[in-house]
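A look at the structure
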Amino acid sequence: YMCEQYVCLQDDPHIAVMMAGSTLRKVKSRSWKKQRHFRLLEDGLTIWYKSRWAGRGHSTFSVTEVEAVREGHQSEVLLSIAEEFPASHCFTLVFHGRQGNLDLVADSPEEARAWVQGVRKLIHKAQTMDEKERLDQWVFDWFQKADKNKDGKMNFKEVKTLLKMMNVEMNEEHALHLFTMADKSESGSLEIEEFVLFYKMLTQRDEVWKVFQDYSGDGEKLMLEELESFLKIEQHEGEQSGRRAKELIGRYEPSETAIKQEAMSLDGFQMYLCSQEGSIFRPELLELQQDMSRPLSHYFISSSHNTYLLEDQLRGHSSVEAYIQALKRGCRCVELDCWDGHDGEPIVYHGHTLTTKILFKDIISTVKEYAFKASDFPVILSLENHCSVEQQTVMARYLRQILGDALLVCPLGGHDLQHLPPPQELKSKILLKAKKIGGLESCPDDTLTDEVSDDEELANGDADSPSTEDPPSKLSRELSDLVVYCKSVHFHGFDHARSHAKFYEMSSFSESKARRLAKEAGADFVQYNMRQLSRVYPGGLRTDSSNYNPQDMWNVGCQIVALNFQTAGLEMDLNDGLFRQNGGCGYVLKPDFMRDATSRFNPEKPEEHQGYKPLRLAVQVISGQQLPKVNQKEGSIVDPLVRVEVYGVPKDQAREETPHIQNNGFNPVWNKTLNFVIHTPELALVRFVVEDYDKASRNDFIGQFTLPFKCMQTGFRHIHLLSKDGTAIPPSSLFVNISISAYT
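Numbering of residues starts from 1 in each chain and follows the order in which that chain's sequence is written. The predicted origin of the model limits local features to residues at a pLDDT of at least 70 and limits the giving and counting of side-chain atom pairs to 80 or more, whereas totals for whole chains, interfaces and linings rest on all residues. With hydrogens and water excluded, all non-hydrogen atoms of the structure serve as input to the side-chain values.

1. Re the overall build of the protein
Looking only at helices and strands, the protein has 23 helices and 30 strands in total. Radius of gyration here uses only the C-alpha atoms, and the compact-globule reference equals 2.2 Å multiplied by the residue count raised to the power 0.38. Taken over C-alpha atoms, the radius of gyration comes to 28 Å for the protein, in line with the 27 Å a tight globule of 744 residues would show. Projected onto its principal axes, the C-alpha positions of the protein cover 95 × 70 × 55 Å. Residue contacts follow a heavy-atom distance rule, with two residues in contact if any of their heavy atoms lie within 4.5 Å. In the protein, the proportion of contacts linking residues at least 24 apart, taken out of those at least 6 apart, comes to 68%. Calculation of accessible area relied on Shrake-Rupley with a 1.4 Å probe; when residues are assessed, cover is drawn exclusively from the protein chains displayed. As presented, the protein carries roughly 31500 Å² of accessible surface, and 50% of it is formed by carbon and sulfur atoms. Positive charge is attributed to Lys and Arg, negative charge to Asp and Glu, and no charge count is given to His or to the chain ends. The atom standing in for a charge is NZ when the residue is Lys, CZ when it is Arg, CG when it is Asp and CD when it is Glu. Taken together, the 85 basic and 109 acidic charged side chains of the protein have centroids lying 2 Å from each other. Secondary structure counts use DSSP, requiring at least four H or I residues in a row for a helix and at least two E residues in a row for a strand, with both numbered from the N terminus.

Here it is in structure tokens:
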């Protein structure tokens, strides 16, 4: 059984080196370099390592947590010791989410190569496993963890420990009953195949079985037409239900016999419900499918604030890694806070604080390398310029030299000078947002004394920005000339913008100013954002890098709503949720009433706009599956509850929750329906949160998933939960039944 897919890998020379184990140097800084023994465990997925002298202590991580392997000196840490260790010995493991890199040095190029290639193969293998293999792997992992004496068998005592590890609270009698049924050989212990059977009985899902029974004539299988009527009635698949039923049997039915009869067994049915097609997110909307030929101002754009920080804004570590992480998450607008550095080299850091400093040129090289890995659509560099004219000129030269053709330096040919160009025509282009001397049409030479600092609000005396600025007063012509479609200007009110502003002029608003304008003049703000870009940034008092709720800004059509990507939590969940659609390309087309000049949409009064069609949303929260333990303490089991939160126009903000269930993270059943009315479905996001109930203190977070209301599939669906960092935590899920109807 040993997970068939790994048998072939055993013969691979690279994997063999990993399984035999290697002593590698783990490097954290120029002074911290320690030898650790690394090896790949028998499951072909877990990498185990320990220091040679530390008695029993060791660490492990799974290959599935690794996103990529970089060869050579490809991290700040390895670059800092480049003299000491040749590139051919060095490699970096990059993890998903916000977990730090692991920088390693091997004793020889051959050994480094074996680990680099080996880990890459294993990552590929893990990514291409299908649902069934993934489940088998998961079961196999548990078996390995619980088989304490490593004899390949599990006695009842080991099984009881395992149930605790798996978050299952079960009375001894029931557990023993299942154990005895699975122990076919009556040996008093389970071998791996018997354990698989035990696990199957344990995870038999009554609530799925009930749905299956409702449509199955003989209670054993769903014939083609039975599956078809399930798809039509429950999953609202309509006309295509017949074709879909055939496809699903072919795709998810494990039994050859059932396939021959054109039928689906309970196993196949459960596989389908747990798959991407059975998930709550409409699969076709995950693909790039929106019209990308509208002006830039017609899209929401995934945007990061203080991109250079990995932590807080007073003492935090600045790093090019932060740019890599943001760009790989599909972020399309990054920020650079530029100051004069030594030896005429401009630097980036959070001015007047103790955050570390990075060279401007290093960031530009990083942007060049990573800008278009997650998306082809344009990246905007938002410059906060505090530099002297001399160093601005140095910046301009670096931008031209390093970015080359990727940098947009003049308006697109054949494009009208009335509207911003579309993302489609700016593929693989990098745009600069900064102050500019004059406009696109003219290039006067005499106005060299334009104010330069870009924190717009300081000049307008905005209360939430402590005034630490000392804006340089001159602009470098060379830097100014690189600004094309994103010229930073002061905001002088909506009336002034209507009569005087150019389409390529854009302003920045602190969160409090944007919120005030949204409340006082929502419809004007929506109109303004049809033609011009606006950027919103967190208030100056958020020195802990906390975030504001981006929804209030999206409600009035602000495109560049900049968040601290380095800070996990609700606000980044909403950002990830909105930008998960459309291929994760970082651009999402705004609803049509935010692009049509005749519309007077105001988020404060959604019922007044012409296309007003409110909907009713009912979420039946049925059950949860294998929720992760929050508290690693021995014997602690979670008391889970589910909360459904709706974010949208002010009228749509709502939350409802289920009661909590005592001591069951393994298969809690709630069967509770939560009801909502959605006034502006096009702007709403729905967030599903699972928490561990605690009557004495704040509930602990277990997992969440957020998606646009318009991307939801109705019917019986699984929601695959994500960690606080936004990474997957399989096989944790919620099983729900979603219905949406007209609100009358």
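2. So, the UniProt feature "binding site: substrate" (unreviewed entry) in the protein
UniProt positions are given in the numbering used here, feature names are shortened, and annotations may be inferred rather than shown by experiment. Under the present numbering, the feature "binding site: substrate" (unreviewed entry) in UniProt falls on Lys433, Lys435, Ser508 and Arg535. For the annotated residues, spread through 103 residues, the largest C-alpha to C-alpha distance comes to 14.1 Å, consistent with a single compact locus. With respect to the helices, strands and loops of the structure, lysine 433 is situated in strand E17 (residues 430-434). For lysine 433, the contacting residues outside a window of four places in its chain are Ile380, Leu381, Ser382, Leu383, Cys486, Ser488, Met506, Ser508 and Arg535. Inspection of the secondary structure assignment puts arginine 535 in strand E20 (residues 534-537). Remark: exposure states derive from per-residue accessible area (1.4 Å probe, protein chains only) relative to the maximum for the residue type, with buried under 20%, exposed over 50%, and partly exposed in between. On the accessibility criterion, arginine 535 (3% relative accessible area) is buried.

3. Structural notes on the sheet that holds strand E2 (residues 33-40)
Hydrogen bonds between backbone atoms are what pair the strands of a sheet, whose relative direction is either parallel or antiparallel. Here, strands pair whenever DSSP counts at least two bridges between them. The strand order across the open sheet built from seven strands is E4-E3-E2-E1-E7-E6-E5, with neighbouring strands paired in antiparallel fashion. A single partner strand is all that each edge strand has here, and the edge strands are strand E4 (59-62) and strand E5 (66-71). Recorded for the sheet is a direction-independent mean angle of 30° between the axes of neighbouring strands. Alignment of strand E1 (residues 22-27) against E2, held across six bridges, turns out to be antiparallel. Residue valine 27 lies in a different strand from E2, and its bridge partner there is lysine 33. In this analysis an axis means a line fitted to C-alpha atoms, helices contributing only their contacting stretch, and an angle means the value between N-to-C directions, from 0 to 180 degrees. Here helix H4 (residues 109-128) sits on the sheet and contacts E1, E2, strand E3 (46-51), E5 and strand E6 (90-95); the angle it forms with E5, its principal contact strand, is near 150°.

4. Some details on the packing of aromatic side chains
Side-chain rings of Phe, Tyr and Trp (the six-membered ring for Trp) are treated as a pair once their centres are within 6.5 Å; stacked means planes under 30 degrees apart, edge-to-face means over 60, and tilted covers the remaining angles. Applying the stated criterion to the full structure yields 27 aromatic pairs. Measuring from ring centre to ring centre gives 6.3 Å for phenylalanine 300 and tryptophan 554, while their planes differ by 55°; the resulting arrangement is tilted. Placement of phenylalanine 300 in strand E12 (residues 299-304) and of tryptophan 554 in helix H22 (residues 551-554) is noted, with a sequence separation of 254 residues between them. Residue phenylalanine 300 shares its accessibility class with tryptophan 554, and that shared class is buried. An angle of 65° between the planes, with centres 5.6 Å apart, marks the rings of phenylalanine 494 and tyrosine 528 as edge-to-face. Residue phenylalanine 494 is located in helix H20 (residues 494-500), and its partner tyrosine 528 is located in helix H21 (residues 511-531); the two are separated by 34 residues in the primary sequence.

5. Quick notes on the environment of asparagine 667
Note on placement: asparagine 667 falls in the loop between strand E25 (654-657) and strand E26 (669-678). Asparagine 667 sits in the partly exposed class, given a relative accessible area of 36%. Note: C-alpha distance between asparagine 667 and glutamine 626 (41 residues apart in sequence) is 6.3 Å. In this structure asparagine 667 touches Leu202 and Gly624, once residues within four positions along its chain are discounted.

6. Here's the deal with the side chain of arginine 244
Looking at the element boundaries, arginine 244 is found in helix H11 (residues 241-252). The definition of a polar contact used here is a pair of N or O atoms within 3.5 Å, where within protein one atom must be able to donate a hydrogen and the other to accept one, and adjacent residues in sequence count solely through side-chain atom pairs. Looking at arginine 244, its side chain comes within polar contact range of the side chain of glutamate 277, at 2.8 Å. Non-local contacts of arginine 244, meaning those with residues more than four positions away in its chain, are made with Leu231, Glu237, Arg251 and Glu277.

7. Observations concerning the UniProt feature "glycosylation site" (unreviewed entry) in the protein
As annotated by UniProt and renumbered to match this structure, "glycosylation site" (unreviewed entry) occupies Ser185. Position of serine 185 relative to the elements: it lies in the loop between helix H7 (172-182) and strand E9 (189-191).

8. Quick notes on the confidence of the model for the protein
In low-pLDDT regions, the fine details of the predicted coordinates are not to be read closely. Note on scores: pLDDT gives the predictor's confidence for each residue, bounded by 0 and 100. Mean pLDDT for the protein: 90, with 92% of residues reaching 70 or above. Every residue in residues 1-7 scores below 50 in pLDDT, and together they form 24 contacts with partners more than four places removed in sequence or on other chains. Low pLDDT, under 50, characterises residues 443-469; the stretch is placed with 75 contacts to residues that sit more than four places away or in other chains.

9. Section: the domain arrangement of the protein
By convention here, the domain bounds are inherited from an automatic or database domain assignment. If you check the domain split of the protein, you get domain 1 (1-128), domain 2 (132-203), domain 3 (223-278), domain 4 (296-438 + 473-489 + 505-515 + 533-594) and domain 5 (613-742). The centre of domain 1, based on its C-alpha atoms, is set 41 Å off from the matching centre of domain 3.

10. Here's the deal with the state of the cysteines
Throughout this description, disulfide means a covalent bond between two cysteine sulfur atoms. Cysteine sulfur atoms that come within 2.5 Å of each other are treated as a disulfide pair. Under the counting rule described, the total for this entry stands at zero disulfides. The thiol sulfur of cysteine 333 is not disulfide-bonded, and the nearest other cysteine sulfur, from cysteine 331, lies at 6.6 Å. Look at cysteine 333 and you get buried, because its relative accessible area is 1%.

11. Topic: the side chain of arginine 205
Considering the arrangement of structural elements, one finds arginine 205 in the loop between helix H8 (192-202) and helix H9 (206-215). At 3.0 Å, the side chain of arginine 205 forms a polar contact with the side chain of histidine 718. Not counting residues up to four positions away in its chain, the partners in contact with arginine 205 are Gln270, Cys274, Ser623, Gln625, His718 and Phe735.

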